[in-house]
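What the coordinates show
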Amino acid sequence: MNLLKYILVLSVAFMQSELYSAPAVNAPICEDLPDLDAPQPYPIIGWNEFDLGNDNGLEADGELSFTLISMVDRNNVAIGLDKDPQAATHYGTIDFAFYFIHNSTGSNIVRVYENGVNQGTLVSTPNSIDGYTFSIKRTNGVVEYYMNDVLEFTSTINSTSHLYYDNACKQKTAVSVFEARQIKLCVPGPPDASTIKVNSAYVNNKVRLRWMTTDMTMWEHAMKVGYTIERITVAVNGTYLSKNERAASYVVLASGYLPKSQTEMEAATSNPNEGTLAHQLMGDQNTEDSIMGVGAGEQSLAKAVQQKKMRDMRYFASHVLAEKSFEMACAMGMAYEDDTIDPNKQYAYIITLTEPLN
């Protein structure tokens, strides 16, 4: 059983408190599509296509994603999803698309176009947007547009058709260059039985993270190895960082993050008895290892059932106690407060087990 990473994007600009929940996700199955690289052997006038490849498309839920590498001189390029990519070589026939413009003044513009209809401008800047990531996701018929992993636009068009990768380009000068890499078309993989659910809140210039495992065995393993808490800066003062800048901002906030001492648990609640109980629950060694370590000849069915009930009770009771207060959740190793943030920045948090559950 492999542990997936769950990323939580939290906006803390303008000193506002916001709450998000990171949904459980499945390991995706992806197709790598051809990179876009202009100049191509196309005439400078009219609309054409880059190599479309031969993708399987999205029958239901899925995602198209790519990274913008470079725009040089004048370009008009659309990249997106379409039910009939062979219908035409024009952006006006693509069902859901990002539309990129690098104009004569050097400005970089990103818009959303759906079947030739401009749905709004996401970016208009004289600054470089090289390294920006883009994705179009469809979930239960709802199409969403993401830039640098942040939701920017939700389509009002319900989508149920089989969608394929499509693009259109208009090379306006002989030296026009447009490059996009890491183009992928992904569909959800088989479900993972174990996940980590995460909530967050921005309180008093700090980010509070609160999580729980949805699987008892994973929770027991976490009590031994702890959690690792990572952070990436996504944007500064409303300007998204490039891929390299985001990578450079990466920091490990905690590793092997475990429950605290009994004294700290008792101090985290107005009722010290609850802290004592929490410490006993988190430190109980009657876990899967001790149960599975008993030989088949020594393990009675009644004893196995009783031990399973004890494990269930520990798991349930510990989560009830953790809900008493944020301080109690921190003491029990199921919450964390980040007081090293900048209120003008936007972050992504990653919560994983310090050692995977195999």
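Procedures and definitions
- Residues numbered from 1 in each chain as written.
- Predicted model: local features only at pLDDT ≥ 70, side-chain atom pairs only at ≥ 80, totals over all residues.
- Heavy atoms only, no water.
- Helix = DSSP H or I, 4+ residues; strand = E, 2+ residues; numbered from the N terminus.
- Buried < 20%, exposed > 50% of the residue type's maximum accessible area, 1.4 Å probe, protein only.
- Contact = heavy atoms within 4.5 Å.
- Core = buried A, V, L, I, M, F, W, Y, C linked by side-chain atoms within 4.5 Å.
- Pairing = 2+ DSSP bridges.
- Axes fitted to C-alpha atoms, helices over the stretch in contact; angles between N-to-C directions.
- Phe/Tyr/Trp six-rings, centres within 6.5 Å; stacked < 30°, edge-to-face > 60°.
- pLDDT = per-residue confidence, 0-100.
- Disulfide = S-S within 2.5 Å.

When helices and strands are tallied, the chain shows 7 helices and 21 strands. Here the chain, with 358 residues, has 48% of them falling under the buried criterion. Counting only contacts in the chain whose residues sit at least 6 apart along the sequence, the fraction spanning at least 24 positions is 70%.

If you look at the biggest cluster of nonpolar residues, it comprises 40 residues, and the most contacted ones within it are Trp 211, Tyr 227, Ile 229, Tyr 257, Met 332 and Ile 351. Residues Leu 52, Met 71, Phe 98 and Val 143 belong to the second largest nonpolar core, which totals 38 residues.

Here the focus is the sheet that holds strand E9 (residues 117-125). With respect to topology, 5 strands assemble into an open sheet ordered E9-E8-E7-E6-E13, the strand pairing being antiparallel. This sheet does not close on itself; its edge strands, each paired only once, are E9 and strand E13 (164-171). Taken pair by pair, the neighbouring strands of this sheet meet at an average axis angle of 15°, ignoring direction. Strand direction decides the pairing type here: strand E8 (residues 108-114) and E9, joined by 7 bridges, are antiparallel. Bridge assignment links Arg 111 to a residue of E9, and that residue is Thr 121.

A word on the packing of aromatic side chains. Going through the model one piece at a time under the given rule, you end up with 22 aromatic pairs. A centroid spacing of 5.3 Å and a plane angle of 90° characterise the contact between Tyr 91 and Tyr 113, whose relative ring orientation is edge-to-face. Note that Tyr 91 is positioned in the loop between strand E6 (75-82) and strand E7 (96-102) and Tyr 113 in strand E8, a separation of 22 residues in sequence. The exposure class assigned to Tyr 113 is buried, which follows from its relative accessible area of 12%. Ring centres 5.7 Å apart and planes at 55° place the aromatic pair Phe 100 and Phe 178 in the tilted group. Taken as a pair, Phe 100 in strand E7 and Phe 178 in strand E14 (residues 177-187) lie far apart in primary sequence, 78 residues in all. Phe 100 sits in the buried class, given a relative accessible area of 0%. Overall, Phe 178 belongs to the buried group, its relative accessible area being 0%. An aromatic cluster is built from Phe 50, Phe 66, Phe 98, Phe 100, Tyr 132, Phe 134, Tyr 145, Phe 153, Phe 178 and Tyr 240, whose rings are joined through pairwise contacts.

This paragraph deals with unusual backbone geometry. Not every positive phi belongs to a glycine, and Asp 73 is a case in point at roughly 60°. On the secondary structure map, Asp 73 appears in the loop between strand E5 (62-72) and E6. Given the relative accessible area of 30%, Asp 73 is considered partly exposed. Backbone geometry places Gln 182, a non-glycine residue, at a positive phi of 50°. Considering the arrangement of structural elements, one finds Gln 182 in strand E14. Accessibility expressed as a relative area gives 42% for Gln 182, which makes it partly exposed.

So, about the confidence of the model for the chain. Mean pLDDT for the chain: 81, with 84% of residues reaching 70 or above. Scored below 50 in pLDDT, residues 1-25 shows 88 contacts in the model against residues more than four places distant or in partner chains. Confidence drops under pLDDT 50 across residues 285-297; counting only partners more than four residues distant or on other chains, this segment forms 19 contacts.

Quick look at the environment of Asp 312 now. Structurally, the position occupied by Asp 312 is in helix H6 (residues 301-322). Considered as a pair, Asp 312 and Met 216 are 96 residues apart in the sequence and their alpha carbons are 7.5 Å apart.

By the definition in use, this model includes 1 disulfide. The disulfide bridge from Cys 30 ends at Cys 186, spanning 2.0 Å between sulfur atoms. Since a negative S-S torsion denotes a left-handed disulfide, the Cys 30-Cys 186 link at about 110° is right-handed. Here Cys 30, found in strand E3 (residues 29-32), pairs with Cys 186, found in strand E14; they are 156 residues apart in sequence, far enough to count as distant.

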